[in-house]
Amino acid sequence: MKLGISSCLLGTLCRYDGGHSKNRFITEVLKEYFDFVPYCPEKMVFTTPREAIRLVKSKEERIKVVTSNGNMDVTSTINDISKELANQIEYDELCGFILKSNSPTCGMERVKVYPEEKGMSEKIGVGIFAQHIKSQYPFLPIEEEGRLEDAWLRENFLMQIFAYFHLFEFLKTEPSVKELIAFHTSYKYIIYAKSHKAYKELGNIVANHAKKDFIMLLELYKDAFLRAISLKGSITNTYNVLLHLYGYFKKEISKEEKCEILETLEEFKKEQIPLIAVIKVLNLYITRFDITYLKTQKFLNPYPKELALRSKIEAYK
Ligand code: SF4
């Protein structure tokens, strides 16, 4: 699985000041699961070290990129290389991208924009390279290293990447209708945890009441699926999914066992225990009653468990 990364996050000395912005989560944890494809638009067109650049709003409300001493307008230079590298993403077959925060080139949001005359900056900008990636690949999982400090965003992002990769691998196999139904079914509870409406929409596509051509149907499914997995999960929706899973075996267990499970679910809802603790309990029963339908659910196994993303209470909100 290939992940695009702003080069400086990998420790490459490509920042304007000749330094790097190495990120440990990327270089020590994610490296076990992904092949990194580094991108540094600025390094391609400038020397290192170099004069820093910044986003500036002109009097006509146009965003420009200028050197921080204000002597040079480098908007078209940065724009052209950003466009060229964004085009490259398609050929690199990435399944996600981690961008460097706050950069006028790579920053995904809240990048400082300065007024042309003297005055305070506002955190309202998007880096030029990030803009190109977002507009060309609206469903590519994208995050910034800073936002990945948040356990909730981190969990959502990695779940999205693995689902994104799985979908494209699945489509490469030229699936049959039956295989599409099986794929769709396996994502039922992951998507429920994000949005019931999205799962319903996907279900309508798969049902194909309008008898659409299957190739067209797969295209529709792909877009709706990518949109669905880009949504963030919530505690309430996840709690409802857990209740659904419990429903598969509740009639088979004792009153005491029921109380214990429901108490565990409540503890999760009240943010007292992490999701992994609840999943462990439910898995005991799913195995005990050999519930094949649930065993195939991606919700129970969305990514390598060693990532331990569900071990933090803060991963759900
Ligand atoms: S933020 Fe982007 S352009 Fe700047 S040094 Fe890092 S990779 Fe290069």
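Not measured: the values here are computed from a predicted model.

With that out of the way, let us pick up the packing of helix α8 (residues 196–207) against helix α9 (residues 214–229). Running from N to C, α8 and α9 cross one another at 170°; their axes reach a closest spacing of 10 Å. As summarised for this structure, α8 and α9 are arranged roughly antiparallel, according to the angle between their axes. Between α8, through Ala198, Glu201, Leu202, Ile205 and Val206, and α9, the contact on the second element is made entirely by Leu217, Leu220, Tyr221, Ala224, Phe225, Arg227 and Ala228. In terms of residue class, the contact of α8 with α9 is built from ten nonpolar, no polar and two charged.

Two pairing modes exist for strands in a sheet, parallel and antiparallel, and in both the strands are linked by backbone hydrogen bonds. Strand order across the open sheet formed by four strands is β2-β1-β5-β8, with parallel pairing between neighbours. Because the sheet does not close on itself, it has two edges, and the strands there are β2 (35–39) and β8 (142–144). Looking at each pair of strands side by side, their axes are set apart by 25° on average, direction ignored.

Turning next to the packing of helix α11 (residues 255–269) against helix α12 (residues 275–288). It is at 9 Å that the axes of α11 and α12 come closest, and there the two elements cross at 160°. Classified by the interaxial angle, the pair formed by α11 and α12 is roughly antiparallel. Crossing of α11 over α12 shows left-handed handedness. Residue-level inspection shows Ile261, Thr264, Leu265 and Phe268 of α11 in contact with α12, the latter providing Leu275, Val278 and Val281. Of the residues that constitute the contact of α11 with α12, the class distribution is six nonpolar, one polar and no charged.

Right, let's talk about the environment of Ile128 for a bit. Within the fold, Ile128 resides in helix α4 (residues 128–136). The buried category is assigned to Ile128, around which 29 C-beta atoms lie within 10 Å. Sequence separation of Ile128 and Val113 is 15 residues, and the distance between their C-alpha atoms is 12 Å.

Here the protein is partitioned into domain 1 (2–149) and domain 2 (151–317). Centre-to-centre separation of domain 1 and domain 2, based on C-alpha positions: 33 Å. The residue makeup of the side of domain 1 that touches domain 2, split by class, is five nonpolar, one polar and two charged.

The next subject is the sheet that holds strand β4 (residues 63–67). Reading across from one edge, β4-β3-β6-β7 is the order of the four strands in this open sheet, with mixed pairing throughout. Each having just a single partner strand, β4 and β7 (122–125) make up the two edges of the open sheet. Each adjacent strand pair in this sheet contributes to an overall mean axis angle of 55°, direction not counted. Two strands pair when backbone bridges link them, and strand β3 (residues 53–57) and strand β6 (residues 111–115) are joined in this way by three bridges, in the parallel orientation. By the bridge assignment, Val56 is partnered in β6 with Tyr114.

Here we take up unusual backbone geometry. Across the junction of Thr48 and Pro49, the peptide omega takes the value -5°, indicating a cis bond. Within the element layout of this structure, Pro49 appears in the loop between α2 (41–45) and β3. One non-glycine residue, Glu93, lies in positive phi territory at about 50°. In this structure, Glu93 sits in the loop between α3 (75–92) and β5 (97–99). When the 11 C-beta atoms within 10 Å are taken as the criterion, Glu93 is described as exposed.

Before going further, it helps to examine the pairing of strand β1 (residues 2–6). Among the five residues that make up β1, four are buried, leaving the element largely enclosed by the rest of the structure. Note on the crossover from β1 through helix α1 (residues 24–29) to β2: the handedness is right-handed. Two elements, β1 and β5, share two bridges in a ladder whose sense is parallel. From the neighbouring strand, Gly4 faces β5, where its bridge partner is Phe97.

What counts, and where the lines are drawn
- Residues numbered from 1 in each chain as written.
- Predicted model: local features only at pLDDT ≥ 70, side-chain atom pairs only at ≥ 80, totals over all residues.
- Axes fitted to C-alpha atoms, helices over the stretch in contact; angles between N-to-C directions.
- Helix = DSSP H or I, 4+ residues; strand = E, 2+ residues; numbered from the N terminus.
- Parallel < 35°, antiparallel > 145°, perpendicular 65-115°, else oblique.
- Contact = placed C-beta atoms within 7 Å.
- Nonpolar A, V, L, I, M, F, W, Y, C, P; charged D, E, K, R; others polar.
- Pairing = 2+ DSSP bridges.
- Left-handed = near helix turned anticlockwise from the far one by under 90°.
- Buried ≥ 20, exposed ≤ 12 C-beta atoms within 10 Å, placed from the backbone.
- Domains from an automatic or database assignment.
- Right-handed = clockwise from strand over helix to strand, strands pointing away.

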